[in-house]
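Structural characterization, general
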Amino acid sequence: GLAALMFADLLQTLIIVVGASVLAGYALTAVGGYEGLLERYPLALPPNATGPCGRPRPDAFHLLRHPSTGDLPWPGLILGLGIISAWYWCTDQVIVQRCLAGRSLTHVRAGCVVCGYLKVLPMFLMVLPGMAARVLFPGQTLPYPSLPTPGLGVPPPEVKIGLLEAVVQLEVAGLRGLMLAVVLAALMSSLASIFASSAALFTFDVYQRLRPRAGPRHLLVVGRVWVVAMVGLSLAWLPVVEAARGGQLFDYIQAMASYLAPPVAAVFVLAVFVPRVNEPGAFWGLLGGLALGLARLIPEVALGGGGGGGEGSQGGGGASCDPPGRCPRALCGLHYLHFAALLFLATAAIAAGVSLCHPPIPKKHVSG
């Protein structure tokens with residue numbers, strides 16, 4: 001099953017890169033290249049936008065943004081996203097499962113290097129074409145359906161179908177079909193990888209421990225049933241995704257990872273670099289970090305955290321343009337990327353403190 005999935009991933013990756021490259025070329029050519037995008041993007045306003053919150057951010061072309069008013073503040077971008085990336089690329093089952101399937105350590109390392117280069121492409125194949133779509137089709141940039149909040153101005157615009165409009169308007173008939181294949185390939189590749197890895201984790205790490213005598217066919221059926229259950233859970237969770245953070249998918253994904261991933265990353269880093277950390281320290285560090293992460297996650301999902309990411313703003317004037325949530329500022333006021341960095345440190349402190357209270361691991365087990 002994994003071999004079939006990996007061959008499908010290879011084919012879908014080629015389709016995604018080729019199709020997205022074609023769309024990026026069409027979109028950037030239509031706006032006059034990168035220089036044209038620099039000039040025209042700040043002027044791309046939806047027809048019904050008023051006030052500063054309807055305008056593109058003045059720091060839209062800056063990677064490192066203001067540490068307090070930026071929607072992705074630079075300390076959180078470097079520390080918070082760095083921690084989330086360490087969790088994903090070093091410990092996530094989707095990645096680890098493929099690395100363990102490599103022919104040799106050299107193949108695994110080479111594959112990771114190729115992935116690193118591929119991760120540079122979304123800036124040019126997704127972000128810039130999306131900005132070009134806003135320039136080309138400002139009428140498709142729709143305001144949030146919520147009412148303006150007193151003192152905060154009009155909520156920020158959101159691009160609902162801008163990139164889809166770019167596909168339909170810019171590309172010839174055959175390429176439209178290719179881009180539809182690109183969208184479906186990206187969706188299927190991600191879902192298949194996640195569901196396959198989830199099934200493997202549940203089947204071997206949970207179910208087989210409960211039923212150690214279960215045969216291969218029994219485990220295969222259990223894995224398939226688990227995938228069906230995960231699909232149902234995913235569909236049931238869609239309204240939460242739509243409501244969280246104003247429906248901004250990137251913000252939602254990074255926020256969820258910021259609340260759940262740093263404990264795993266902290267224990268992994270300590271396990272690699274600090275031989276004194278032992279199993280009790282790792283166990284209680286993971287539990288303590290999970291409790292701290294849920295203390296932020298649950299109120300934000302239940303009460304709403306304000307959409308744009310803590311103290312960050314979507315508009316240009318420093319004041320938040322997002323409808324305020326009911327989550328207390330003491331819990332949800334800190335940007336989720338800053339929270340990820342603090343959660344990482346807190347987990348590391350718990351793991352190290354508990355480890356010092358228990359005997360160290362014998363040196364023969366940690367040498368080298």
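Rules used throughout
- Residues numbered from 1 in each chain as written.
- Predicted model: local features only at pLDDT ≥ 70, side-chain atom pairs only at ≥ 80, totals over all residues.
- Heavy atoms only, no water.
- Helix = DSSP H or I, 4+ residues; strand = E, 2+ residues; numbered from the N terminus.
- Buried < 20%, exposed > 50% of the residue type's maximum accessible area, 1.4 Å probe, protein only.
- Contact = heavy atoms within 4.5 Å.
- Areas by Shrake-Rupley, 256 points an atom, 1.4 Å probe, with all protein chains shown as cover.
- Salt bridge = Lys/Arg side-chain N within 4 Å of Asp/Glu carboxyl O.
- Axes fitted to C-alpha atoms, helices over the stretch in contact; angles between N-to-C directions.
- Parallel < 35°, antiparallel > 145°, perpendicular 65-115°, else oblique.
- Left-handed = near helix turned anticlockwise from the far one by under 90°.
- Nonpolar A, V, L, I, M, F, W, Y, C, P; charged D, E, K, R; others polar.
- Core = buried A, V, L, I, M, F, W, Y, C linked by side-chain atoms within 4.5 Å.
- Expected span 1.5 Å × (residues − 1).
- Disulfide = S-S within 2.5 Å.
- Phe/Tyr/Trp six-rings, centres within 6.5 Å; stacked < 30°, edge-to-face > 60°.
- Lys NZ or Arg CZ within 6 Å of the ring centre and 35° of its normal.

**Quick word on the overall build of the protein**
If you tally the helices and strands in the protein, you get 15 helices and two strands. The buried share of the protein, taken over its 368 residues, is 36%. Contacts in the protein between residues far apart in sequence, at least 24 positions, make up 72% of those at least 6 positions apart. Within the structure as shown, the protein displays about 20,600 Å² of accessible surface, and the carbon and sulfur contribution to it stands at 72%.

**Brief notes about the side chain of serine 198**
Considering the arrangement of structural elements, one finds serine 198 in helix H8 (residues 173-210). Among all residues touching serine 198, those that are not within four sequence positions of it are Trp226 and Met230.

**Points about the pattern of salt bridges**
Applying the stated rule across the entire model yields five salt bridges. Taken together, the shared-partner salt bridges connect Arg57, Asp59, Arg65 and Asp71 into one network.

**Here's the deal with the packing of helix H10 (residues 249-260) against helix H14 (residues 336-356)**
Interhelical geometry of H10 versus H14 gives an angle of 20° and a closest axis separation of 8 Å. Taken together, the axes of H10 and H14 lie roughly parallel to each other. Between H10 and H14 the crossing geometry is left-handed. When H10 is examined against H14, the residues Asp251, Gln254, Ala255, Ser258 and Tyr259 are found in contact with a partner set consisting of Tyr336, Leu337, Phe339, Ala340 and Leu343. Within the contact of H10 with H14, the residues separate by chemical class into seven nonpolar, two polar and one charged.

**Re the nonpolar core**
Membership of the largest hydrophobic core comes to 14 residues, with the highest contact counts inside it found for Ile84, Ala255, Met256, Tyr259, Tyr336 and Leu337. Elements supplying a minimum of two residues to this core: helix H3 (74-91), H10 and H14. Looking at this core, the element that brings in the most residues is H10, giving five residues. Excluding residues that lie within four positions of it along the chain, leucine 337 makes contacts with Leu72, Gly76, Leu77, Gly80, Leu81, Ile84 and Ser258.

**Focus: helix H11 (residues 262-273)**
With 12 residues, H11 extends 16 Å from end C-alpha to end C-alpha; this agrees with the ideal 16 Å at 1.5 Å per step. Those residues of H11 not exposed but buried are Pro262, Pro263, Ala265, Ala266, Val267 and Leu270.

**Some words on the state of the cysteines**
What the rule picks out here adds up to zero disulfides. Take cysteine 112: it sits in no disulfide, and the sulfur closest to it among the cysteines is that of cysteine 99, at 4.2 Å. The class of cysteine 112 is partly exposed, set by a relative accessible area of 41%. Of all cysteine sulfurs, the one in cysteine 112 lies closest to cysteine 115, which takes part in no disulfide; the gap is 6.3 Å. Owing to a relative accessible area of 31%, cysteine 115 belongs among the partly exposed residues under this scheme.

**Things to note about the packing of aromatic side chains**
This model, assessed by the stated rule, comprises eight aromatic pairs. Linked through ring pairs, Tyr34, Tyr41 and Phe61 together constitute an aromatic cluster. Sitting above the plane of the phenylalanine 339 ring, arginine 296 keeps its charged end 5.4 Å from the centroid.

**Details of the environment of arginine 98**
Tracing the chain through its elements places arginine 98 in helix H4 (residues 93-100). Counting along the chain gives 95 residues from arginine 98 to serine 193, while the straight-line C-alpha distance between them is 9.8 Å. In contact with arginine 98, not counting residues within four places along its chain, are Leu2, Leu5, Met6, Asp9, Ser193 and Ser197.

**Some details on the environment of alanine 341**
Tracing the backbone through its elements, the reader meets alanine 341 in helix H14. Sequence-wise, alanine 341 and isoleucine 83 are 258 residues apart; in three dimensions their C-alpha atoms are separated by 7.1 Å. Beyond its immediate chain neighbours, meaning those up to four positions away, alanine 341 contacts Leu79 and Ile83.

**A look at the packing of helix H1 (residues 2-30) against helix H6 (residues 122-136)**
The N-to-C vectors of H1 and H6 enclose an angle of 35°; their axes lie 9 Å apart at closest approach. You can see that H1 and H6 cross each other, and the crossing is left-handed. Residue-level contacts link Val17, Ala20, Ser21, Ala24, Ala27, Leu28 and Ala30 of H1 to Phe124, Leu125, Leu128, Pro129, Ala132 and Leu136 of H6. Class assignment for the residues of the contact of H1 with H6 results in 12 nonpolar, one polar and no charged.

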